[in-house]
Amino acid sequence: MSEPHQPEPVDLDPKYDNRREGGVDEAQLEALLEEYALRREDHENAPAFVVRPDDVQAVLTLLRDEAGFDHLSCLTAQQYEDRYESLYHLTKYDERTHEVTLIVQLPLDEPVCESAEPVFRTADWHEREAFDLVGIDYEGHPDPRRILLPESWQGHPLSLDYDQQKPQIIRYSEHANPLQQDHHDPETDTMLLNIGPHHPATHGVLHLKTTLDGETVADVDPDVGYLHRCEEQMCQSGEYRHQIIPYADRWDYTANLPNEWAVARAIEDLADLEVPEYAQILRTMSTELARMLGHFLALGTFALDVYGDFTAIFQYAFRDREVVQDILEDLTGQRMMFYYFRLGGVAWDLPRPREEFIEKTRDFLDELPAKVDEYHDLLTGNEIFQVRTIDTGVIEPDVAKSYGCTGPVARASGIDYDLRRDDPYGYYEHLDWDVVTRDGCDNYARVLTRMQEVEESAKIVEQCLDLLEDWPEDERTVQSNVPRTLKPDAGAETYRAVEIAKGELGIYIRSDGSNSPARFKIRSPCFHNLSVLPEMAEGEYVADLIASLGSLDIVLGSVDR
Amino acid sequence: MDGRIDAVAPAPLQNDETVLLPERIGELTGLDGFGVGGELLAAFLAAFLVGNLMLAMTGVAGPWAKRKITAAFTDRIAVNRLGPAGLFIIVADAVRLLSKELVIPENADRPAYDLAPIVVASSALLGFAVIPMGSGIHLADPEVGLAFVFAVAGIASIGLVMAGYASSNKYSLLGGLRAVAQNVAYEIPLVITGLSVVIFAGSLQMSTIVEAQAETLVDLGVVTIPAWYALVNPFAFVLFLLANFAEVGRNPFDTPEAPTEIVAGYQTEYSSVYFVLIYLGEFLHIFLGGAIIATIFLGGPAGPGPAELGIVWFLIKIWAVFLLTQWLRSAVPRVRIDQLIEIGWKGLLVLSFANLILTAVIVGLIA
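Conventions used here
Residues numbered from 1 in each chain as written. Chains lettered and ligands numbered in written order. Predicted model: local features only at pLDDT ≥ 70, side-chain atom pairs only at ≥ 80, totals over all residues. Heavy atoms only, no water. Helix = DSSP H or I, 4+ residues; strand = E, 2+ residues; numbered from the N terminus. Rg over C-alpha atoms; globule rule 2.2 N^0.38 Å. Buried < 20%, exposed > 50% of the residue type's maximum accessible area, 1.4 Å probe, protein only. Contact = heavy atoms within 4.5 Å. Areas by Shrake-Rupley, 256 points an atom, 1.4 Å probe, with all protein chains shown as cover. Lys, Arg positive; Asp, Glu negative; His and termini not counted. Charge placed at Lys NZ, Arg CZ, Asp CG, Glu CD. Core = buried A, V, L, I, M, F, W, Y, C linked by side-chain atoms within 4.5 Å. Domains from an automatic or database assignment. Patch = residues over 30% accessible without salt bridge, like charges linked within 9 Å, V, L, I, M, F, W, Y side chains within 5 Å. Salt bridge = Lys/Arg side-chain N within 4 Å of Asp/Glu carboxyl O. Disulfide = S-S within 2.5 Å. Polar contact = N/O pair within 3.5 Å; in protein donor to acceptor, adjacent residues only side chain to side chain. UniProt positions renumbered as here; feature names shortened; annotations may be inferred. Pairing = 2+ DSSP bridges. Axes fitted to C-alpha atoms, helices over the stretch in contact; angles between N-to-C directions.

**Q** Explain the overall build of chain A to me, please; I cannot follow it from the model alone.
**A** Along the backbone of chain A there are 18 helices and 15 strands. Taking 2.2 N^0.38 as the reference for a compact globule, 561 residues should give roughly 24 Å; the C-alpha atoms of chain A span a radius of gyration of 23 Å, in line with that estimate. When each of the 561 residues of chain A is scored for burial, the buried share is 61%. In chain A, 69% of the contacts between residues at least 6 apart in sequence involve partners at least 24 apart. Of the roughly 21000 Å² of accessible surface on chain A, a fraction of 46% belongs to carbon and sulfur atoms. For chain A, the separation between the mean place of its 51 positive charges and that of its 112 negative charges on side chains is 4 Å.

Structure, rendered in C-alpha cells:
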C-alpha cells in the first residue's frame, strides 16, 4: 500500500483505442481491500492488488458483493524465475470499464492457491487449465484434473523448467482406458454415453461424457482439448510486430477478423501505438462483416442440429455467407485466414476501384432484409422449431454471469453486455447501432439474438461505407508509424478484450522487454460458454443437449486454442 | 357410394372379374396346365416381377431421385457427372456399396444382427403382395388384404429392435427403443384411420376398396370427380398421411435415426450389404406407405385414360407420396422423442377414434 497513487491517463488522443474514461474509483477500492491487499502493482489496463493465496475467496466475494465486480473475465497463471503468479482479471457486467486485477504470488516450491471456484463457477475450468499448463495447485478445487492435455501428460508445458525436447513416453499400461467407464454400472440405472469425439453434432472434435437416465441427461462432462495447438506458447515465441496476429485467425475460424483485433488492441496498449481514424473505420467495417460470417454459420449449423439434415436453411446460410466471404476476399485477398489487421492499422485500403467494392457491399446490404425475412419464414416461424427450442437449454442470468458467459449467449439471457459499446474501441461509439438483448434465456432466444445482430452489423457496415466513400483522399492513412521492432517496457502487463462473434475475447500480455511476449494468455469466449453446458442440459433430453450445444455456437479451435 | 356394411357377410373369395398376375402368367406361359407345381412356379414368377419392380424403383429413388429432389429443395445441383442427369450414379453407387467391407462389431448378437436387415427389407416387400397396382399387376387379393398389409408392415418393428439390440452399440439401442416406441404409438392411429375406410367400402379386400372408389362423387359435366376416400373424407386422409410418416420414420418423425443426435440410430453399426438392405427396407417402407395411401385413399390405379395405364397412375401416386416425404425432410425440423410420443398418444389416437366414430355414424345414417 506504500506505492504512490498513479494518475489515470485521461487526455489521450481520441483516436487512441485504449483510453479509460471513468474507470473504477481506485481510492474506494483501496479502502475496500485495505485488510487484504499487500501492495499495488498496477497493470496497463487496471489497478492490481497483490493478495495472499489463502485470501482469494474472501477478496473475490468482497469485490463481487460490495463493489459489484461480478465478472471474473479471466484467470491467468504464469511462472517467473522466483515465483508463480495467479492473476484474476475482474470486471463488471454493468460497467465494463471498471476493472481490477488481483495478483496472487506463490512460492516456487509449493505453488498452492485457494480455489476461486466457490465464488465464480467459471474458475473451475480456468484453474484446471492453470494447473494443466503452468502447474499451480488450487486447494479446494472440486475437480482437479487436467483439461487441455491428456491425463497422462508429463510436466506442465508453460512452466519454466519444462523440457520441450523431452519426448512424452508413456507405457501403454499407464494410459487410462477410455472405454473403461463405458461399461454398465450394475448399481444404478444410468448409462454412460460417449457423445464424440467423433459425432455428427459436436461441431469439431469435442467429447461429451454423458450420463443418461433413459433418454434424460443426468450429467454431462465436456472433455475438451482435442484441438489444443499450443497457441499461447506459439504466440509467446513470435515477435510482436508481425508474428502474433496471424495466429489469432486460427482461434475462432468461423469469424476470424475480430480475433485479430483482440491481439492488436492488447499489443497497441502495451506498446502505446495509435491507430488512424480511417483505419479504425476499416477495422470496424471488416470486423462487422466477419461477425456476419460467424452468425450465418451459427444459424446454419444450429438448423442442422435441430432439423438433423442439410436442409434449405443450411444452404441459405451458406449462400449468404458466401457473398460476405467474397466481399472480404476482395478486401483482404483471403477467404479464411485474413490477416488484415496490422499493428497501428490495417494492411491496406479498400480495393480499387473503390466504387465497385462499395457498390458490391451495398448490394449485399440491400438484399439482406429480404433474406432475413426468409429465415424468419423458414426457421423461426416454424411451429415445430419453436416447440423444439423455446424453454429448452435455459441459462438464467445469474448462472450466465457466474460462468462468465458473454456475447450472444449472455445477451439472450438478458445481460446487457457488449464490449463494443461498454468498453469502446474502434469506431463503434460514433455510429448508430443497438446492442441486442432478449429475455428468453433459451435456445430460441439465442437464435433470434444472432439474427438481430446480423441486422445491427449491417447497420454498422452501411455507416462505415458512407464514411469511407466521402473520406478525403489525402487523409486515407491505413497505418500509423510503428517501429520496426517493438520492445515494450519490461514488466508491463495488460489485459484487453474485444467483442468477437462469440463474446469477449481477452488477451493478457506480459512483456519482459524483449520483442516477444513473456506470457500470452487467451481468454476465449467459447471456453466459458461451453462450460455452462452441464447447467443447461441436465434434466433435459438428449435431443435438447445437442440443440443446446449448437445454440452456444462454440468453435473448438477457440475452446482448445 | 352405397355404404353397405357387409364385412360380416360371407364375401366371395375373389372378385370374378379380377384376374390376378400369377393366373395370367400361368395362362400366358402355359404353366397352368402343370397343376399345383405350375401354379406355384407362375406365382413365383409373378412375385419375382413385382419384387423387382419395387427394388428397381428403390434403386432409382435411393442413389439418384432422393439426391436430385433434396438438391432442388435446397438450391443445389446434386449428381450430374455420370450419364444423363447423373443417372448412372445408380450403377456406381451399387458397386460402391456392395464392394465395401462388411464390418461386424465384436460383441454383436450374431443371428439377430444378421437377420435384422433381412426382416426390415422383406417385411416391406411382402406388403406389396396384396396391392392392386393396375394393368393387371396384382399378386393376391385375400379377403383380409388391408389387415394383411398392416400386419406385415408391422413386422419391420421387430427388425428394428433386433438391429438396435444386437448391434451392441448404445446409439443403436436408443434408436431401436425409439423405433419401437414410435411404431407402437402410431400403428394404432394408422389402423384405426384405415378402419374408417373399411366402413365406407364395407370390405377389407383391396380390390373392393379400389372398386368402391371408382363411383362418382360429383358430376361436373365436363369432368367427373371420383369418390376417392381422400376427397370423401379428407380428415381421415390427413390423419393417415401423418401417422404414415411416423410409421416409416420420416421427418418430422425421423427420431429413431436422428442423425446429429444418436448418429444413425439402429443402423449405426451396419455397413456394406447389410446397410444396403436396411436402407432398401426403409425406402420400400416409404413406397409401401405410398402404395397403401394410393390404394385406400387415392383410388388405387384409377386415372384418366385407358385402364391399361393403371400402373403408370399408380406409380405416379406412390412417387407423389415419396416426394412429399422428401419435401418434409427439407423443410420441417424433427420433433423430440417425448413430443413425438405425445403427439401420437394424445393427438392422433384421439383424433383417429373420433374420425372412426364420426364415419360410422354418418355411414349408418346414410345407409
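That was the structure; now back to the text.
**Q** Would you mind going over the nonpolar core with me for this structure?
**A** Generally speaking, a soluble globular protein has its nonpolar side chains buried in company with each other. Counting residues in hydrophobic clusters, the biggest one holds 162 residues, and the most contacted among them are Leu 63, Tyr 88 and Met 285 of chain A. Here the element with the most residues in this core is helix α7 (residues 277-307) of chain A; it accounts for 14 residues. If you count residues domain by domain, this core takes at least three from each of domain 1 (24-139) and domain 2 (231-560) of chain A. Ignoring any residue separated from it by four or fewer positions in sequence, one finds Leu 63 of chain A in contact with Leu 29, Leu 32, Leu 33, Gly 68, Phe 69, Leu 90, Val 100 and Leu 102 of chain A. Core analysis: the second largest hydrophobic core is formed by 74 residues, Met 57, Ala 65, Phe 240 and Phe 253 of chain B among them.

**Q** Quick question: what am I supposed to make of a negative patch on the surface here?
**A** All names here are of chain A. Among the surface-exposed residues, Asp 54, Asp 109, Glu 110, Asp 137 and Glu 139 lie close enough to one another that they form a single negatively charged patch. Position of Asp 109 among the secondary structure elements: in the loop between β5 (99-107) and β6 (112-114). Of the residues examined, Asp 109 reaches a relative accessible area of 70% and is grouped as exposed.

**Q** Help me understand the state of the cysteines in this model?
**A** Here a disulfide denotes a covalent bond joining the sulfur atom of one cysteine to the sulfur atom of another. Residue and element names in this part refer to chain A. In the structure shown here, the tally under the stated rule is zero disulfides over all chains. With no disulfide of its own, Cys 74 has Cys 235 as its nearest cysteine by sulfur position, at a separation of 14 Å. For Cys 441, which is in no disulfide, the shortest distance to another cysteine sulfur is to Cys 405 and amounts to 11 Å.

**Q** Which parts of the structure should I look at to understand the side chain of Asp 132 of chain A?
**A** Residues and elements named next belong to chain A. By secondary structure assignment, the location of Asp 132 is in helix α3 (residues 123-133). Within the local environment of Asp 132, its side chain forms a polar contact with the backbone nitrogen of Leu 149, the two atoms lying 2.8 Å apart. Setting aside its immediate chain neighbours within four residues, Asp 132 contacts Arg 146, Ile 147, Leu 148, Leu 149, Gly 155, His 156 and Pro 157.

**Q** Before we go on, may I ask you to explain the UniProt feature "domain: NADH:ubiquinone oxidoreductase 30kDa subunit" (unreviewed entry) in chain A in this structure?
**A** Taking the UniProt record as the reference, the feature "domain: NADH:ubiquinone oxidoreductase 30kDa subunit" (unreviewed entry) is found at residues 50-167 of chain A. For residues 50-167 of chain A, the end-to-end C-alpha separation is 37 Å, with 19% helix and 30% strand making up the annotated structure.

**Q** Can you help me understand the sheet that holds strand β15 (residues 517-523) of chain A in this one?
**A** The pairing of strands in a sheet comes from backbone hydrogen bonds and takes either a parallel or an antiparallel form. Residues and elements named next belong to chain A. Spatial ordering of the open sheet is given by β13-β14-β15, a layout of three strands whose pairing is antiparallel. Only two strands of the sheet have a single neighbouring strand rather than two, namely β13 (493-500) and β15. Direction aside, the axes of adjacent strands within the sheet are offset by 15° on average. Pairing between β13 and strand β14 (residues 503-511): eight bridges, direction antiparallel. Each residue of the ladder has a partner; that of Glu 499, found in β14, is Glu 504. Of the strands in this sheet, β13, β14 and β15 touch helix α6 (residues 257-271), which is tilted by about 155° from β13.

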